[in-house]
Amino acid sequence: MKRITFLSDFGTKEGYVAQMKGVVCSITDARIIDITHEISPHNVREGAFILWTTAPFFPLGTIHVAIVDPGVGTERKGLIITTKKQILVGPDNGLLLPTAHLLGDFVVYEITNPKYMIHPLSRTFHGRDIFAPVAAYIARGVPFDEIGTQTTHFVDLQFPLGEHHGDRIVGKVLYVDRFGNLMTNIPQEILPGDIEQKNISMVSGDHRWEQVPFVSSYGFVQQGALLLTIGSSHFLEISVNQGNAAQLLGIGVDADVQFLFS
């Protein structure tokens, strides 16, 4: 069975999500799965991060519809991106590109054929009128080049990864989850193999925290204590056991962070 996922900043109070699902159900019997509809309004980078960290867990051939679209109704394009594993559908604002780079071997199509859109076409709800029906027709087997035309002109977005420089690793905070955990762009692979035995100092801006423990999970430090661990997405995470690291440290998304080892 084909699978179509939805990610958006629409929330669930209004009927927007249900309308998109209704369109899909009128075209195909593909299974519909919600990733989330709680992306912060208009926050393309946040939506891109959640898609980037979630899509790899879906089966081959899954179609992901992602809509965080502050440019809806303007001249921005609508895209289909095919990769060697999955298919991405959404606006041309960078939202889909980190996932496309991650999944690999991607080809970008601009959605151009009005035959596969809902009419009359709303200028403010392309999620329902363009992206949902396009995904449904792809699930039914309509060729990509019938729905759109290949293009090499699109808004790119990539998440730069942290780097190891001698006795320190530098990176950024990419995302803050609902628990206040600070998810960095530092992949597990560049951390010292004996990191649990290291004395670690953490620096962000003018602030420095000494002897921050690296542990395998939150419960290995006392309640309220600061810690470092590898999160479920395999990146270094700054956390507080049963607390909120973002509030405690006063840092958030895009904050520069450095970790010094001795």
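Residues numbered from 1 in each chain as written. Predicted model: local features only at pLDDT ≥ 70, side-chain atom pairs only at ≥ 80, totals over all residues. Heavy atoms only, no water.

So, the pairing of strand E5 (residues 87-91)
Moving residue by residue along a regular strand, the side chains alternate between the two faces of the sheet.
Inference 1: Burial of E5 is extensive: five of the five residues sit out of reach of the surface.
Inference 2: Here strand E4 (residues 78-82) pairs with E5 via five bridges, running antiparallel. By the bridge assignment for E5, Gly 78 is matched with Pro 91.
Inference 3: In this antiparallel pair of consecutive strands, E4 and E5, the connection spans four residues. (Buried < 20%, exposed > 50% of the residue type's maximum accessible area, 1.4 Å probe, protein only. Helix = DSSP H or I, 4+ residues; strand = E, 2+ residues; numbered from the N terminus. Pairing = 2+ DSSP bridges.)

Describing the sheet that holds strand E2 (residues 31-36)
Hydrogen bonds between backbone atoms are what pair the strands of a sheet, whose relative direction is either parallel or antiparallel.
Inference 1: Read across the sheet, seven strands follow the order E2-E1-E3-E5-E4-E6-E7 without closing on themselves; strand pairing throughout is mixed. The open sheet is flanked by E2 and strand E7 (148-150), the only strands paired with a single partner. Strand-to-strand twist in this sheet, taken as the mean axis angle between neighbours without regard to direction, amounts to 25 degrees.
Inference 2: The pairing of strand E1 (residues 3-8) with strand E3 (residues 63-67) spans five bridges and is parallel. Residue Phe 6 lies in a different strand from E3, and its bridge partner there is Val 65.
Inference 3: Along the sheet face, helix H4 (residues 126-139) touches E1, E3, E4, E5 and strand E6 (107-111) and points at about 175 degrees away from the line of E3. (Axes fitted to C-alpha atoms, helices over the stretch in contact; angles between N-to-C directions. Contact = heavy atoms within 4.5 Å.)

Things to note about helix H1 (residues 16-25)
Inference 1: Along H1, the residues that are buried comprise Val 17, Met 20, Val 23 and Val 24. Buried residues of H1, seen end-on, are gathered within an arc of 125 degrees and therefore sit on one face of the element. Away from the buried face of H1 by more than 90 degrees, exposed residues Ala 18 and Cys 25 are located.
Inference 2: Elements in contact with the buried residues of H1: E1, E2, E3 and H4. (Arc of directions from axis to C-beta.)

Some details on helix H2 (residues 44-54)
Inference 1: Counted residue by residue, H2 has nine buried out of 11 residues, so it is predominantly covered.
Inference 2: Along H2, the positions that sit buried rather than exposed are Val 44, Glu 46, Gly 47, Ala 48, Phe 49, Ile 50, Leu 51, Trp 52 and Thr 53.

Let's talk about the side chain of His 37
Inference 1: Summarising the element assignment, His 37 is placed in the loop between E2 and H2.
Inference 2: The exposure class assigned to His 37 is buried, which follows from its relative accessible area of 7%.
Inference 3: A distance of 2.7 Å separates the side chain of His 37 from the side chain of Ser 8, its partner in a polar contact.
Inference 4: If sequence neighbours within four positions are ignored, His 37 has contacts with Phe 6, Leu 7, Ser 8, Asp 9, Phe 10, Gly 11, Val 17 and Met 20. (Polar contact = N/O pair within 3.5 Å; in protein donor to acceptor, adjacent residues only side chain to side chain.)

Concerning the side chain of Thr 151
Inference 1: Tracing the sequence through the fold places Thr 151 in the loop between E7 and strand E8 (163-165).
Inference 2: Given the relative accessible area of 15%, Thr 151 is considered buried.
Inference 3: A polar contact is formed between the side chain of Thr 151 and the backbone nitrogen of His 153, at a distance of 3.0 Å.
Inference 4: Look past the residues within four positions of Thr 151 in its chain and what remains in contact with it is Val 108, Tyr 109 and Glu 110.

Some thoughts on the packing of aromatic side chains
Inference 1: Throughout the structure, instances matching the rule amount to 11 aromatic pairs.
Inference 2: Where Phe 106 meets Phe 154, the ring centres are 6.2 Å apart and the plane angle is 70 degrees; that geometry is what we call edge-to-face. Separated by 48 residues along the polypeptide, Phe 106 in the loop between helix H3 (97-103) and E6 and Phe 154 in the loop between E7 and E8 bring together distant segments of the chain.
Inference 3: In this structure Phe 106 comes out as partly exposed when scored by relative accessible area, which is 23%.
Inference 4: Since its relative accessible area comes to 25%, Phe 154 is described here as partly exposed.
Inference 5: Ring pairs connect the aromatic residues Phe 49, Trp 52, Phe 159, Tyr 175 and Phe 235, which therefore count as one cluster. (Phe/Tyr/Trp six-rings, centres within 6.5 Å; stacked < 30°, edge-to-face > 60°.)

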